[in-house]
Structures are given as structure tokens and as C-alpha cells.
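Residue-level structure breakdown
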Amino acid sequence: MDVLNQTRVTQFVFLGLTDNWVLEILFFMAFSAMYVLTLWGNILIMVTIVFTPCLSTPMYFFLSNLSFIDICHSSVTVPKMLEGLLFDRKTISCIAQLFFLHLFACAEILLLTIMAYDRYVAICAPLHYPNVMNMRVCVQLVFVLWLAGTVHSLVQTFLTIRLPYCGPNVIDSYFCNVPPVIKLACTDTCLTGILIVSNRGTISLSCFLALVASYTIILFSLRKQSAEGRRKALSTCLAHFMVVSLFFGPCIFIYTQPDTSFSTDKLVSVFYTVVTPLLNPFIDTLRNEEIKSAMKHLRQRRVFS
């Protein structure tokens with residue numbers, strides 16, 4: 001029968017993480033706690049930066065945007081996953097989740113690259129830093145990253161939803177990622193798969209290489225700094241590098257794989273969508289004395305008021 005005469009699938013069913021109800025309960029409790037901590041930690045960072053005048057610098061402006069993106073990125077997948085674990089409702093229309101998943105993922109990739117460039121200018125060209133990274137430039141960079149993320153997400157979503165889906169409609173995952181979805185298309189997806197991997201792979205790999213280049217130059221330039229300058233610069237860069245490693249490792253694995261699934265996909269996806277947004281605020285606060293001091297002052301002001 002011709003593909004166009006077959007019933008078009010609009011709803012997809014997730015297999016989820018497991019079909020063992022005991023594990024489902026344990027996963028629900030663990031991921032619920034992690035999601036609440038993710039929201040609490042990132043909101044706390046945003047509030048601290050907004051209400052602390054001494055943190056009105058480009059680095060903390062980008063850090064507050066990173067916390068906002070982490071909240072959004074986690075919220076795209078985790079609530080639906082928790083619903084499936086608790087109520088066994090594992091059906092979804094994938095268009096919205098596909099769009100927002102790629103929007104926030106691309107935005108975070110570009111933001112981490114911008115943050116690395118910010119550290120490069122601050123450490124390697126400190127005299128030019130106020131002119132190069134003024135607040136107007138920072139706002140423009142954030143606008144560009146959201147625009148680029150939107151374009152990237154539209155391309156990924158369009159290439160996926162334009163394919164005909166006529167059954168089966170079961171996805172071996174807990175969210176609508178592109179590789180397991182296009183496997184269900186009832187047509188040849190070779191060309192589409194190449195276009196999708198080229199689009200997202202180019203962004204993730206090029207940004208990762210830019211990050212590596214930035215940190216390499218920074219490390220070489222630190223030889224000319226004083227001992228105190230090296231300590232402060234390394235502390236800031238180390239926290240950012242840890243965030244980059246946690247995000248880009250799973251991201252490159254997911255974004256550069258072809259339209260086939262691997263046995264480790266779910267494990268990597270859980271780390272990418274649940275664990276990384278949780279760890280980012282803790283890494284940024286535990287290694288940043290200025291943020292810890294600002295949080296302490298905010299807490300004292302609230303008590304006294």
C-alpha cells in the first residue's frame with residue numbers, strides 16, 4: 001500500500017526506562033528529588049545574581065542565563081518522564097518536545113562557548129575587557145544565541161516531522177529524541193539522517209573545538225600572571241571547564257550519532273537531561289567564593305528584615 005494512503009501517526013508511545021514497577025517507584029523518587037534540587041539550585045543562583053549589585057558583571061550575567069537554560073532544559077523532559085513512571089502515561093505528541101529540547105540544548109552549547117570567550121578576554125586581554133565585553137555586547141550575544149538556537153531547532157524539527165509515520169509508534173526512550181523517532185518513519189531516512197547529524201554535529205563539535213582552543217590559550221597566558229592571579233583564574237576556569245565536560249561529553253555522543261540507537265543511549269540521556277542541570281549550580285556555587293558570600297549576605301538581609 002502507498003505510504004500516503006496509510007494512517008499517519010501523530011502520537012508516540014514511550015517504553016520508558018524500565019517496565020519493573022519497583023524500579024519505576026525508585027526512579028520516580030530519585031528523579032523527583034533531583035529535579036526539585038535542580039529547580040531550587042538554579043533559581044537560587046539567578047536570584048542571588050539579580051539582587052547582588054557586585055555580581056553585575058558579564059561572567060555572572062552569563063551564569064544566570066546558564067541557570068535559566070538548565071531549568072528549561074530539564075523541564076522539557078523530566079516532568080513527562082516522572083509522569084510516565086508514576087501513572088504509566090507514556091504517550092506524547094513529539095513536535096513541541098523536539099523543538100524545545102533542541103532549542104535549549106543548542107542555546108546551552110552556544111552559551112558555554114560565549115562564557116569561554118568571556119574568560120579568554122578577561123584573562124588574556126584584561127585592559128580591553130571593559131570595551132570588548134560591555135553589557136550591551138553581552139545582551140547582543142545572548143540574543144544571537146537564542147536566535148541561532150531557534151533556527152537550529154526549527155531545522156531539526158522540520159526534518160523530523162516531514163517524514164511519514166504510519167506505524168509502529170513505540171519509541172525505545174523516555175523522551176522524543178531525533179534518532180529513535182526517525183527510526184519509525186516508513187520511508188528511507190538515509191539522506192534525512194545525514195542532514196540531521198551534519199546540522200547538530202557541526203554545532204556541537206565546532207563549539208567544543210572553540211572551547212578547547214580558548215582554554216589552551218588561557219593556560220599558556222597564565223604563565224605571565226602572578227601567583228594570586230593564576231589561582232583566581234584557574235579557580236574560575238576550572239569550574240567552567242567541569243560544567244563544559246559534564247555537558248559536552250553526553251551532548252556530543254547524542255548529537256553526533258547516526259539514526260540508530262545504542263544500548264547506552266538511555267543512561268547517557270539520563271545523565272544529559274537530569275544529572276547535568278543538577279550539578280551545574282552546585283559546581284558554580286561550591287567553587288565560587290563571590291557567589292557563596294553573596295548568598296550569605298542575602299540570607300542575613302532576609303533574617304534581619
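Because the structure is a prediction, the values reported are computed rather than measured.

Topic: helix α5 (residues 135-161)
Here α5 spans 39 Å end to end across 27 residues, near enough to the 39 Å set by a 1.5 Å rise per residue. For α5, the complete set of buried residues consists of C138, V142, L145, G149, H152, S153, Q156, T157, L159 and T160. Between the side-chain oxygen at the start of α5 and the backbone nitrogen of R136 there is a gap of 3.1 Å, and the oxygen is on N134.

Quick word on the packing of aromatic side chains
According to the stated counting rule, one finds 7 aromatic pairs in the structure shown. Ring geometry for F61 and F62: centres 5.7 Å apart, planes at 55°, overall tilted. For the pair F100 and F104, a centre-to-centre distance of 6.1 Å together with 20° between the ring planes defines the contact as stacked. Of the two residues, F100 and F104 are both situated in helix α3 (residues 94-124); the distance of 4 residues between them amounts to about one turn of the helix. One aromatic cluster in this structure is built from F68, F99, F100, F104 and W146.

Concerning the UniProt feature "transmembrane region" (unreviewed entry) in the protein
Here, UniProt's "transmembrane region" (unreviewed entry) annotation points to residues 25-52, 98-117, 137-155, 203-222 and 234-255. Counted over residues 98-117, helix gives 100% and strand 0%. Its end C-alpha atoms are 29 Å apart. Secondary structure over residues 203-222 splits into 95% helix and 0% strand, and the C-alpha atoms at its two ends are 29 Å apart.

Digging into the packing of α3 against α5
Their axes nearest at 8 Å, the elements α3 and α5 cross at an angle of 145°. Remark: the crossing between α3 and α5 carries right-handed chirality.

A short note on the sheet that holds strand β1 (residues 12-14)
Across the sheet, 3 strands lie side by side as β2-β1-β3; this open sheet has mixed pairing. Each end of this open sheet is capped by a strand with a single partner; those strands are β2 (91-92) and β3 (170-171). Relative to β2, β1 runs antiparallel, the two sharing 2 bridges. Looking at the pairing, F12 lines up with I92 of β2.

Overview of the nonpolar core
Core analysis: the largest hydrophobic core is formed by 63 residues, its most contacted members being F31, F62, L63, M81, L112, L145 and F248. Among the secondary structure elements, those contributing two or more residues to this core are α1 (21-50), α2 (58-87), α3, α5, α7 (190-221), α8 (227-256), α9 (265-286) and α10 (289-304). A per-element tally of this core places α3 first, with 17 residues. Ranked by size, the runner-up nonpolar core spans 16 residues in total, among them I92, C94, L98 and C176.

A word on the packing of α2 against α5
Packing of α2 against α5 brings their axes to within 10 Å, and their N-to-C directions diverge by 25°. Relative to α5, the element α2 is oriented roughly parallel. Judged by the twist between their axes, the crossing of α2 over α5 is right-handed. Judged by residue contacts, P58, F61, F62, N65, F68 and I69 of α2 engage M135, C138, V139, L141, V142, L145 and W146 from α5. Looking at the contact of α2 with α5, its residues break down into 12 nonpolar, 1 polar and no charged.

Digging into the pattern of salt bridges
Applying the stated rule across the entire model yields 2 salt bridges. A salt bridge links K80 to E83; the nearest nitrogen and oxygen atoms lie 3.3 Å apart. In this pair, K80 and E83 both sit in helix α2, 3 residues apart, roughly one turn of the helix.

Quick look at the confidence of the model for the protein
Here the protein averages 80 in pLDDT, while 83% of its residues score no lower than 70. For the stretch residues 1-6, pLDDT sits under 50, and the model shows 5 contacts to residues farther than four places along the chain or on other chains.

What to know about the side chain of S67
Note that S67 resides in helix α2. Judged by its relative accessible area of 2%, S67 falls in the buried class. Among the polar contacts made by the side chain of S67, one reaches the side chain of N42 at a distance of 3.4 Å. Beyond its immediate chain neighbours, meaning those up to four positions away, S67 contacts N42, I45 and M46.

Rules and cut-offs
Residue positions within a chain follow its written sequence, with the count starting from 1. At least 70 in pLDDT is required for a residue's local features to be given in this predicted model, at least 80 for side-chain atom pairs to be given and counted, and no such filter applies to totals for whole chains, interfaces and linings, which use all residues. As a rule here, side-chain values cover all heavy atoms of the structure and leave hydrogens and water aside. Secondary structure elements follow DSSP: runs of H or I of four or more residues count as helices, runs of E of two or more count as strands, with numbering from the N terminus. How far a helix is expected to stretch is found by multiplying one less than its residue total by 1.5 Å. Exposure classes here rest on a 1.4 Å probe applied to the protein chains alone. A residue is buried below 20% of its type maximum, exposed above 50%, and partly exposed in between. N or O atoms within 3.5 Å of each other form a polar contact, as long as, within protein, one can give a hydrogen and the other can take it, and as long as residues adjacent in sequence are counted only when both atoms are side-chain atoms. Stacked, tilted and edge-to-face pairs are distinguished by plane angle, under 30 degrees for stacked and over 60 for edge-to-face with tilted covering the rest, among Phe, Tyr and Trp rings (Trp via its six-membered ring) whose centres lie within 6.5 Å. UniProt positions are given in the numbering used here, feature names are shortened, and annotations may be inferred rather than shown by experiment. A fitted line through C-alpha atoms represents every axis, and for helices the fit uses only the stretch in contact; the resulting angles, taken between N-to-C directions, go from 0 to 180 degrees. Helix crossings get a hand from a simple test, with the near helix turned counterclockwise from the far one by less than a right angle marking a left-handed crossing and a clockwise turn marking a right-handed one. Should DSSP find at least two bridges between two strands, the strands are regarded as paired. Nonpolar cores are built from buried Ala, Val, Leu, Ile, Met, Phe, Trp, Tyr and Cys residues. Side-chain atoms within 4.5 Å join them into one set. An angle below 35 degrees is treated as roughly parallel, one above 145 as roughly antiparallel, one from 65 to 115 as roughly perpendicular, and anything else as oblique. Note on contacts: a residue pair is in contact if any heavy atoms of the two residues lie within 4.5 Å. The residue classification treats Ala, Val, Leu, Ile, Met, Phe, Trp, Tyr, Cys and Pro as nonpolar and Asp, Glu, Lys and Arg as charged. All others, Gly included, are polar. Counted as salt bridges are all cases of a side-chain nitrogen of Lys or Arg within 4 Å of a carboxyl oxygen of Asp or Glu. What pLDDT reports is the predictor's confidence in each residue, on a scale of 0 through 100.

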